[in-house]
Amino acid sequence: MESKTLEDDSFGVMTFADPVEELPSVGVAEHTNRDQQEMAYFGKTQQLKRNFGFLSIAGFVCSLLSTWECMFAVFIFGFSNGGPAGLVYGYLFCWVGTLATVASLAEMASMMPLSGGQYHWVSILAPARWAKFLSYITGWVTIIGWQAGQASVSFLAASIIQGLAILNYPGYHATRWQGTLIFYAVIAFVVFVNTYLARWLPKIEGMILILHIVGFFAILIPLVYLAPHGSARDVFATFLNTGGWESNGLSFFVGLLTSVFSFLGADSACHMSEEIQNASTVVPWVMISSIMLNGTMGLALLIALLFYLGDINNALNSPTGFPFIEIFLQATNSKSGSTLMISLILVMLAAAAIGIMASASRLLWSFARDGGVPFSSYISRVDTGTALPLYSILVSTIISLLLALINIGSTAAFNGIMSVNVAAFFSSYMIAITLLLHKRLRNDLEKDNLRWGPWHMGPVFGPFVNVVGLAYTTTTMFFGFFPSNRNPTLANMNWSCLLFGASIIFSVVFYKFWGRHSYKCPLVDPIRRRQ
């Protein structure tokens, strides 16, 4: 079975070609047949139910990204290093960089619509000598990224609950062990939705998409009409460098974490590919459209928040630990009004955690299906009654519960998991995009006969986008390891470099002694493997 590829436009405009020969493009039955044949091309069989269409998976990705919601939650990082102007320009920088990165991933998702995502793509694109090792390491770092993301977002939700308690009960003293217990409650809710309510998840995600958009206006309108109005100079020309860095420029890059974290997770659609109808077309368009929609709403709310900031010192020194809570209080001059606005953000973060659990568990299940993790024979099982990977959901839950224990010993160490999240995601992106770019530039007709999917950027625009994506991920990953101030203490040190480095060393050692014997790359015959 050969693929049919249309001639690319000389200007690099996206072209659309059928990735599977003679597959019709209309009707649910036809899409199902196409999806199954695309999986069979890479040696996989359909095990999960394809319940998601375009709108439901768009709701899934948009709510998981939660760009404007997460921006509020991690606002302090960019506000402390960069200030209002740094946040605005950093957001625009990250939006453009994320679009380039996600477009590169979307092209590969269209070529290979499998739940493994990055590690599957690497196994096909890498030279035969290195394919197994690079694919294995990519699988591990992607799993690390998603498991760290699950812990990070759930921790933010738990911390905001404590911030709400401080706002409404000034005598309340938040403790780390209480935060950990609230974290456990959030995880319990997430697991409940991903198991008992899983068959309704597509409908739930559609409702969440509506709430995501309505909530945007519910936050924006009170800020615009009630809060004190600042000047354009306050927003676009005011930089802060509370970290004591040598220059505002360095402080700006350190503070990019706010915007970077707000855009993480668009590849979630890739890991749900085997549950999406017409995945090779739907997945890439959902990835791009979700970044555009969320990016627009996030920018509008960021500028509104900065124009109606109020007292900067009060925001930075809020006893709740979240500047946006103090900003809401100054804007509404009402604890009940502020609580309502904060609760909306809290609900959306919980919704994001639901999506992250779904994506993380599917990725773990896919990697276990290929023998990439210990106890793969159990983790890769799919419950016949529900068609859910219940064992991988259970393992993902246990990992989150164990990571939460770090918070009891040190909140700073746990905060490092957020930077690990960025480093793990971006390293997996960089490996896959580098291999794709290498094949594009080498353009060997024998070795680089790439089987493009329906979503393709062309021979000119594609390499340019790949280079921009690589430049962005490399830059932001590097500064993601920096502490928030120039002279950190043990209490506020960014331990992500140590955590991520240890994870990489473990995965390499594990591969040498166990993984290289058990791990199976996607099964593709030698002719197709040449791409």
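Structural data are supplied above this passage.
About the criteria used
- Residues numbered from 1 in each chain as written.
- Predicted model: local features only at pLDDT ≥ 70, side-chain atom pairs only at ≥ 80, totals over all residues.
- Heavy atoms only, no water.
- Helix = DSSP H or I, 4+ residues; strand = E, 2+ residues; numbered from the N terminus.
- Contact = heavy atoms within 4.5 Å.
- Areas by Shrake-Rupley, 256 points an atom, 1.4 Å probe, with all protein chains shown as cover.
- Patch = residues over 30% accessible without salt bridge, like charges linked within 9 Å, V, L, I, M, F, W, Y side chains within 5 Å.
- Salt bridge = Lys/Arg side-chain N within 4 Å of Asp/Glu carboxyl O.
- 1 Å grid on protein atoms, 1.4 Å probe; cavity = no way out; pocket = protein on both sides within 12 Å on 5 of 7 lines; lining within 4 Å.
- Points joined across faces, edges and corners; volume = space filled by probe spheres on them.
- Nonpolar A, V, L, I, M, F, W, Y, C, P; charged D, E, K, R; others polar.
- Buried < 20%, exposed > 50% of the residue type's maximum accessible area, 1.4 Å probe, protein only.
- Axes fitted to C-alpha atoms, helices over the stretch in contact; angles between N-to-C directions.
- Parallel < 35°, antiparallel > 145°, perpendicular 65-115°, else oblique.

## Looking at the overall build of the protein chain
Inference 1: Broken down by element type, the protein chain carries 23 helices and zero strands.
Inference 2: C-alpha atoms of the protein chain, sized along the principal axes, occupy 65 × 50 × 45 Å.
Inference 3: Of all intrachain contacts in the protein chain linking residues separated by at least 6 positions in sequence, the fraction that spans at least 24 positions is 82%.
Inference 4: For the protein chain, the computed accessible surface area is about 20,500 Å², with 68% contributed by carbon and sulfur atoms.

## Brief notes about a nonpolar patch on the surface
Inference 1: A contiguous nonpolar surface patch, about 690 Å² in accessible area, is contributed by Trp177, Leu181, Leu394, Ile398, Leu402, Leu405 and Ile408.
Inference 2: Listing elements by their share of the nonpolar patch, those giving two or more residues are α8 (176–195) and α19 (390–409).
Inference 3: Here the nonpolar patch gets five residues from one element, more than from any other, and that element is α19.

## Side note on the layout of surface pockets
Inference 1: In this structure, the largest pocket spans a volume of roughly 1,000 Å³.
Inference 2: Lining the largest pocket we find 42 residues, and of these Ile76, Phe77, Gly321, Thr411 and Asn415 sit closest to its centre.
Inference 3: Listing elements by their share of the lining of the largest pocket, those giving two or more residues are α4 (75–80), α7 (128–168), α8, α20 (411–442) and α21 (461–480).
Inference 4: Its residues assigned to classes, the lining of the largest pocket shows 19 nonpolar, 22 polar and one charged.
Inference 5: Space inside the second largest pocket adds up to approximately 480 Å³.
Inference 6: Lining the second largest pocket are 19 residues, with Ile144, Gln147, Ile399, Leu403 and Ser503 sitting closest to its centre.
Inference 7: Elements represented by at least two residues in the lining of the second largest pocket include exactly α7, α19, α20 and α22 (496–518).

## Things to note about empty space enclosed by the protein
Inference 1: Evaluation of the coordinates by the stated rule reveals five cavities of 30 Å³ or more.
Inference 2: Taken as a whole, the largest cavity spans an internal volume of roughly 100 Å³.
Inference 3: Taken together, Leu64, Leu65, Cys70, Trp146, Gly149, Val153, Phe261, Leu264, Gly265, Ile356, Asn421 and Phe425 form the lining of the largest cavity.
Inference 4: When residues of the lining of the largest cavity are traced back to their parent elements, those giving at least two are α2 (54–65), α7 and α20.
Inference 5: For the lining of the largest cavity, the leading source of residues is α7, giving three residues.
Inference 6: Looking at the lining of the largest cavity, its residues break down into nine nonpolar, three polar and no charged.
Inference 7: There is about 80 Å³ of room inside the second largest cavity.
Inference 8: As for the second largest cavity, its lining consists of 13 residues, and the residues nearest its centre are Thr98, Val102, Phe263, Phe426 and Tyr429.
Inference 9: Among the elements that make up the lining of the second largest cavity, the one with the highest residue count is helix α5 (residues 83–111) (four residues).
Inference 10: Its residues assigned to classes, the lining of the second largest cavity shows nine nonpolar, three polar and one charged.

## Let's talk about the pattern of salt bridges
Inference 1: Summed over the entire model, instances satisfying the criterion amount to four salt bridges.
Inference 2: Notably, a salt bridge pairs arginine 440 with glutamate 107, separated by 2.7 Å at the nearest N-O pair. With arginine 440 in helix α20 and glutamate 107 in helix α5, this pair connects stretches of sequence that are 333 residues apart. Each member of the pair arginine 440 and glutamate 107 is classed as buried.
Inference 3: Residue glutamate 246 pairs with arginine 486 through a salt bridge whose shortest N-O separation is 3.5 Å. Taken as a pair, glutamate 246 in the loop between α10 (232–236) and α11 (248–254) and arginine 486 in the loop between α21 and α22 lie far apart in primary sequence, 240 residues in all.
Inference 4: Judged by its relative accessible area of 43%, arginine 486 falls in the partly exposed class.

## As for the packing of α8 against α19
Inference 1: Relative to each other, α8 and α19 sit at 170°, their axes nearing to 9 Å. Here α19 runs roughly antiparallel to α8, going by the angle between their axes. Contact residues: Arg176, Trp177, Gly179, Thr180, Phe183, Tyr184, Ile187, Val191, Asn194 and Thr195 in α8; Leu390, Ile393, Thr397, Ser400, Leu401, Ala404, Leu405, Asn407, Ile408 and Gly409 in α19.
Inference 2: Tallied by class, residues from the contact of α8 with α19 come to 11 nonpolar, eight polar and one charged.

## Things to note about the side chain of serine 361
Inference 1: Relative to the helices and strands, serine 361 resides in helix α17 (residues 335–369).
Inference 2: Since its relative accessible area comes to 0%, serine 361 is described here as buried.
Inference 3: Not counting the four nearest positions on each side in its chain, serine 361 is found in contact with Ser392, Ile393 and Ser396.

## Points about the environment of glycine 59
Inference 1: Position of glycine 59 among the secondary structure elements: in helix α2.
Inference 2: Residue glycine 59 is classed as buried on the basis of its relative accessible area of 0%.
Inference 3: Other than its neighbours up to four places away in sequence, glycine 59 contacts Glu205 and Leu209.

## Notes on the environment of threonine 138
Inference 1: Note that threonine 138 resides in helix α7.
Inference 2: Overall, threonine 138 belongs to the buried group, its relative accessible area being 0%.
Inference 3: For the pair threonine 138 and alanine 432, spaced 294 residues apart in sequence, the C-alpha to C-alpha distance is 8.4 Å.

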